[in-house]
Amino acid sequence: MVQKLFKQMVISQIISAMAVMLCLIIDSIMISRFLGTDSMAAYGLANPVLLIFAAFGSLLSSGIQVVCSRAMAAGDEDKINRCYSLSVIIALGFSILGLVLVLVFMDPLCRLLGAKEGTEVFQLTKDYLTGFIFGAPFFVAAQILVPFLQMSGQRIRLVAAVLSMTVADIALDLLNVFVMKKGTFGMGMASTLSYVIAVAIGIIYFFQKKCIYKFQFKNLGKGLLAEIAKGGIPTVINQVSLVLLVYLINQTMMRVGDKVAVAAYSIVSTIANIGYCIGNGISEVSLMLAGISYNEEDEKSLSEIVKQQTIFSVVINLLVTIVFLALADPMVSLFVKGDAAERGQAIFGLRMFAVCLVISSINASFKKYYQSIEMIHFSESISVVQNLVFPGIVVVIFAAIFGTKGVWFYYLIGELLSLIYITIFVWRKSHRKFGSHDSYVCLPRDFGAAPGEAIEMEIAEISDIQEAAVEASEFCESKGISRRKAMYTALCIEEMANNIVTHGFSKGKNNQIDIRLVHKENDELIVRIRDNCIGFDPVKYYQMTKPDEGDPTKHIGIRMVFKMTKDVKYVNSLGLNCVTMKI
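Scope of this entry: the structure provided in the associated data block. Computed from a prediction, not measured in an experiment: that's the story for all the values here.

**Some remarks on the overall build of the chain**
Move 1: Helices and strands together make up the secondary structure of the chain, namely 21 helices and five strands.
Move 2: Taken against the 2.2 N^0.38 rule, which gives 25 Å for 583 residues, the C-alpha radius of gyration of the chain at 26 Å falls within 12% of a compact globule.
Move 3: Each of the three principal axes of the chain carries a C-alpha extent, and together these read 85 × 50 × 45 Å.
Move 4: The buried share among the 583 residues of the chain stands at 53%.
Move 5: Summarising the internal contacts of the chain: among those between residues at least 6 apart in sequence, 75% fall at separations of at least 24.
Move 6: Put simply, the chain shows about 25,600 Å² of open surface, and 64% of that area lies on carbon and sulfur atoms.
Move 7: Looking at the chain, you have 52 positive and 48 negative side-chain charges, and the mean spots of the two groups are 3 Å apart.

In structure tokens:
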């Protein structure tokens, strides 16, 4: 099920990330081509404001995934709802505060951004910010909707929202350029309206009865806020490292080259953001799935996640590398009209970027994976060495030797050094064979269930149920569990699986039930049943049947399960039903 889920989530995550980046690239091309140099300069000066909102949204989104993945593994539905509620309140509060501050302090802000008062660029910068800032709440909302829609299994809605946003942005940009002719204000408003459309499509789910999240105001304390912030800190460190690297490269390009080299780097960076979307999409899926599996102490799933993230990083990015290498010239031509020197440098730089894509994606995935298994400081160190230290060293040394052409080698060499750093660290940490799959999984030898203390079963049809029940009973007896407790375990599995097959299986769908039985200390038995069928919460259903307890013929199966267990938890995560029972 991990393999199938990884594939489903990666596709929607990559499409979502690429659609957002395409909007930014389209805005850049439209402004550059149709509004002129001053408008492009104003757009560039306004970018730091956009990045502040984007950084806050990324921090919140990453923190949400870390906190909710732990809560999903523990079956803590209340914590998921509290995280959802607090995220909405924080995002709304920050966005409104930012909107008000930008509008009130517009003139000093534009001066701070580098626009000289009294110039055309100053007014154009004000115009763009005025058009964009009203969409700030929707811009941030769009970022936090992504993890919540992913967690609820609303992947089609997510893709529909971001694709609609992209189409709307293109249409509105063209409408502004050729019909409305509102300049940079119109471009800012086009972005605002496109984000409004995306949020409108996504937010419909949260008002439907089937929505798994419940908004609440209680228990939204500082502890939860700190937990979300802590989960997002690695993302902030990643962004800060990138900003410092961009500053270093711009300064180096100006020192050893000229403004043509800086312009070429700007073009490559813009196009490169599309390529990075693949690695970022894969890494975000890894963060979510690995976080759940780690907190469930599921070593087998973690091993499969590392395998899948590597496969997807290699296969997809190899294809993108070929495309970038073949189409580097026409891609650069979208941004450059006639300057041969600028075009030549940008084409060379883009091809140098293309050859690093596979390694970059692998590094990004490992960074999020290690964050999810609570190797936080190591994850943060990967951000620093990958996005600043190693590429920075290459930029300084190679620029001194080869000039501006040498700067472009930072892509490949920086990523290679980062992968070597990861490989050596996990080898020393895990004490496994150097470069082996197990060393990259990097789990302590006593992690989770000891060898032979857990079994996993898969049910695809009703005939598999009895076989799974017998296997569970034999496993229990082999561990010295009493016959009575072994029977209870088998009966719980049989009853829950029967309910799922009878009431949850859908015709024409690849229905699947995964069962994991773990033998813990003091002979405690944990049964986790996960399925991709129709949503059903047995805990709520049992509570609804309590008024019928006087009639022994009603709801006998579900009541029997709750009598034989000391704790049952249910959570809907990633569009899957997940029931955890302590026998």
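Let's pick the thread back up.
**Here we look at helix α11 (residues 299–333)**
Move 1: For α11, which comprises 35 residues, the first-to-last C-alpha distance of 48 Å matches the rise-based estimate of 51 Å (1.5 Å per residue) to within 8%.
Move 2: At Leu327, α11 is deflected by roughly 70 degrees, the largest bend along its length, and proline Pro330 occurs up to four residues later in sequence.

**Brief notes about the environment of Phe335**
Move 1: Among the structural elements, Phe335 can be located in the loop between α11 and α12 (340–354).
Move 2: Along the backbone, Phe335 and Ile29 are 306 residues apart, and their C-alpha atoms lie at a distance of 6.4 Å.
Move 3: For Phe335, the contacting residues outside a window of four places in its chain are Ile25, Ser28, Ile29, Ser32, Arg33, Ile267, Thr270 and Ile271.

**Some remarks on the state of the cysteines**
Move 1: What the rule picks out here adds up to zero disulfides.
Move 2: Cysteine Cys578 remains unbridged, with the sulfur of Cys533 as its closest cysteine sulfur at 13 Å.
Move 3: Here Cys578 falls in the buried class, since its relative accessible area comes to 2%.

**Points about the environment of Asn176**
Move 1: Inspection of the secondary structure assignment puts Asn176 in helix α7 (residues 155–180).
Move 2: For Asn176 and Leu517, which are 341 residues apart along the polypeptide, the C-alpha to C-alpha distance reads 60 Å.
Move 3: When near neighbours in sequence (up to four residues on either side) are disregarded, Asn176 contacts Lys181, Lys182, Gly183, Gly186 and Met187.

**Focus on the pattern of salt bridges**
Move 1: Evaluation of the coordinates by the stated rule reveals 17 salt bridges.
Move 2: Here Arg528 makes a salt bridge to Asp298, at a shortest N to O gap of 3.2 Å. You can see Arg528 sitting in strand β3 (residues 525–531) and its partner Asp298 sitting in the loop between α10 (259–295) and α11, a full 230 residues away along the chain. Take Arg528 and Asp298: they sit in the same class, and that class is buried.

**A word on the packing of helix α6 (residues 136–151) against helix α8 (residues 183–203)**
Move 1: Relative to each other, α6 and α8 sit at 35 degrees, their axes nearing to 9 Å. Crossing geometry of α6 relative to α8 is assigned as left-handed. For the pair α6 and α8, contact is made by Phe138, Phe139, Ala141, Ala142, Leu145 and Leu149 and by Tyr195, Val196, Val199, Gly202 and Ile203, respectively.

**Some details on the packing of helix α2 (residues 37–74) against helix α9 (residues 222–256)**
Move 1: Look at α2 against α9: their axes get within 7 Å of each other, and the N-to-C directions meet at 120 degrees. Classified by the interaxial angle, the pair formed by α2 and α9 is oblique. You can see that α2 and α9 cross each other, and the crossing is right-handed. Between α2, through Ser58, Leu59, Leu60, Ser62, Gly63, Ile64, Val66, Val67 and Arg70, and α9, the contact on the second element is made entirely by Leu224, Glu227, Ile228, Ala229, Gly231, Gly232, Thr235 and Val236.

**What to know about the pairing of strand β1 (residues 454–459)**
Move 1: Residue alternation in β1 divides its side chains into a buried set, Ile455, Met457 and Ile459, and an unburied set, Ala454, Glu456 and Glu458.
Move 2: Note that β1 and strand β2 (residues 513–519) share six bridges and pair antiparallel. Within β2, the position partnered with Ile459 by the bridge is Ile513.

**Details of the side chain of Thr489**
Move 1: Looking at where Thr489 falls in the secondary structure, it is placed in helix α19 (residues 483–504).
Move 2: At a separation of 2.9 Å, a polar atom in the side chain of Thr489 contacts the main-chain carbonyl oxygen of Lys485.
Move 3: The residues contacting Thr489, other than those within four sequence positions of it, are Cys476, Leu517, Leu525, Val527 and Ile583.

**Structural notes on unusual backbone geometry**
Move 1: One non-glycine residue, Glu374, adopts positive backbone phi at about 65 degrees.
Move 2: In this fold, Glu374 is placed in the loop between α13 (357–372) and α14 (376–402).
Move 3: Judged by its relative accessible area of 40%, Glu374 falls in the partly exposed class.

**Brief notes about the sheet that holds strand β4 (residues 567–573)**
Move 1: Taken together, five strands build an open sheet; the order of strands is β1-β2-β3-β5-β4 and the sheet is antiparallel. The open sheet has two edge strands, β1 and β4, and neither has a second partner. When strand polarity is set aside, the average angle formed by the axes of neighbouring strands in this sheet is 15 degrees.
Move 2: Relative to β3, β2 runs antiparallel, the two being bridged by seven bridges. Paired with Leu517 across the bridge in β3 is Val527.
Move 3: On top of the sheet, helix α18 (residues 463–478) reaches β1, β2 and β3; it is set at about 175 degrees to β1, its chief contact.

**Structural notes on a nonpolar patch on the surface**
Move 1: Together, Phe34, Ile170, Leu174, Leu175, Phe178, Val179 and Met180 give the surface a local cluster of nonpolar side chains, amounting to about 630 Å² of exposed area.
Move 2: The element that contributes the greatest number of residues to the nonpolar patch is α7, accounting for six residues.
Move 3: Tracing the chain through its elements places Ile170 in helix α7.

**Some thoughts on α8**
Move 1: For α8, built from 21 residues, the straight-helix expectation of 30 Å at 1.5 Å per residue is met to within 8% by its first-to-last C-alpha distance of 30 Å.
Move 2: Here α8 has its buried residues at Thr184, Gly186, Met187, Gly188, Ala190, Ser191, Thr192, Ser194, Tyr195, Ala198, Val199 and Gly202.

**Digging into the nonpolar core**
Move 1: If you look at the biggest cluster of nonpolar residues, it comprises 135 residues, and the most contacted ones within it are Met151, Phe206, Tyr213, Leu350, Tyr369, Tyr370 and Tyr410.
Move 2: Element by element, the count of residues in this core is highest for α10, at 17 residues.
Move 3: Here Tyr410 is in contact with Leu245, Ile249, Tyr265, Pro391, Val394, Val395 and Glu415, once residues within four sequence places are set aside.
Move 4: Listed in part, the 34 residues of the second largest apolar core include Ala472, Ile481, Val568 and Tyr570.

Thresholds applied
Residues numbered from 1 in each chain as written. Predicted model: local features only at pLDDT ≥ 70, side-chain atom pairs only at ≥ 80, totals over all residues. Heavy atoms only, no water. Helix = DSSP H or I, 4+ residues; strand = E, 2+ residues; numbered from the N terminus. Rg over C-alpha atoms; globule rule 2.2 N^0.38 Å. Buried < 20%, exposed > 50% of the residue type's maximum accessible area, 1.4 Å probe, protein only. Contact = heavy atoms within 4.5 Å. Areas by Shrake-Rupley, 256 points an atom, 1.4 Å probe, with all protein chains shown as cover. Lys, Arg positive; Asp, Glu negative; His and termini not counted. Charge placed at Lys NZ, Arg CZ, Asp CG, Glu CD. Expected span 1.5 Å × (residues − 1). Bend = angle between axes of the 7 residues up to and from the residue. Disulfide = S-S within 2.5 Å. Salt bridge = Lys/Arg side-chain N within 4 Å of Asp/Glu carboxyl O. Axes fitted to C-alpha atoms, helices over the stretch in contact; angles between N-to-C directions. Left-handed = near helix turned anticlockwise from the far one by under 90°. Parallel < 35°, antiparallel > 145°, perpendicular 65-115°, else oblique. Pairing = 2+ DSSP bridges. Polar contact = N/O pair within 3.5 Å; in protein donor to acceptor, adjacent residues only side chain to side chain. Patch = residues over 30% accessible without salt bridge, like charges linked within 9 Å, V, L, I, M, F, W, Y side chains within 5 Å. Core = buried A, V, L, I, M, F, W, Y, C linked by side-chain atoms within 4.5 Å.

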